[in-house]
Amino acid sequence: ISNPITVISKEITDINTAPRLVATIQNSSVSDFRDIQFTAVVFDTAGNWYIIDESYLVRKVAAATGIITSVAGKFRFNDGANTAALLSDPIGLAVDAAGNGYIAEQWGHRIRKVIGNTEVFSTIAGNSVLSTTGDGGPATAATLNQPLGVFVDSSNNIWIAEGGSARIRKIN
């Protein structure tokens, strides 16, 4: 990992591996993030940050301006555009090389895809049923058991870490 990120006590810390310096990017005195716990942070290909917070919001920090906006919000499931897309305990984030985002919903038992800059959400795996069925079939027909993490590799395979079943699953 060239620039590992560590979340420590409600602070986002960037560890720059070149000169080995640690710098706080955000601290609890910033009003937009005061008293918020973060569960995940990733960067897209343009350098924008995407953060999941304890209020079930996915927030974007624009690389060029530092402006923080809510990309998706609140609790419960709904596909759709921007903040109309509701999430059920988002906990894991990933971004692919094309800039598409992926969100693991622990209690929604699904993986959501955010198409690039359109901020349109769709379900690509799982169907809100807590189980582990569907291997070998369409990902949208499969069931997931508390997906906690999601990763997209260089071949665009999507890897899912399921906490409830202690399994690693792959969508290709």
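That block above? That's the structure.
Conventions we followed
- Residues numbered from 1 in each chain as written.
- Predicted model: local features only at pLDDT ≥ 70, side-chain atom pairs only at ≥ 80, totals over all residues.
- Heavy atoms only, no water.
- Phe/Tyr/Trp six-rings, centres within 6.5 Å; stacked < 30°, edge-to-face > 60°.
- Buried < 20%, exposed > 50% of the residue type's maximum accessible area, 1.4 Å probe, protein only.
- Helix = DSSP H or I, 4+ residues; strand = E, 2+ residues; numbered from the N terminus.
- Contact = heavy atoms within 4.5 Å.

J.: Sorry, what's going on with the packing of aromatic side chains here?
T.: We describe a pair of aromatic rings using the distance from one ring centre to the other and the angle between the two ring planes. Within the structure shown, the criterion is met by one aromatic pair. Ring geometry for Phe-43 versus Trp-49: centroids 5.5 Å apart, planes at 65°, classification edge-to-face. Of the residues examined, Phe-43 reaches a relative accessible area of 36% and is grouped as partly exposed.

J.: How should I be thinking about the environment of Ser-165 in this particular structure?
T.: Mapped onto the elements, Ser-165 comes out in the loop between β14 (158-162) and β15 (167-171). When its relative accessible area of 22% is taken as the criterion, Ser-165 is described as partly exposed. In contact with Ser-165, not counting residues within four places along its chain, are Thr-132 and Asn-145.

J.: Where do I start with the environment of Thr-133 in this structure?
T.: Assignment of secondary structure puts Thr-133 in the loop between β12 (120-126) and β13 (147-152). The partly exposed category is assigned to Thr-133, whose relative accessible area is 41%. Once the C-alpha coordinates of Thr-133 and Leu-144 are considered, the two residues, 11 residues apart in sequence, prove to be 7.4 Å apart. The residues touching Thr-133, leaving out its near neighbours within four places in the chain, are Ala-142, Thr-143 and Arg-169.

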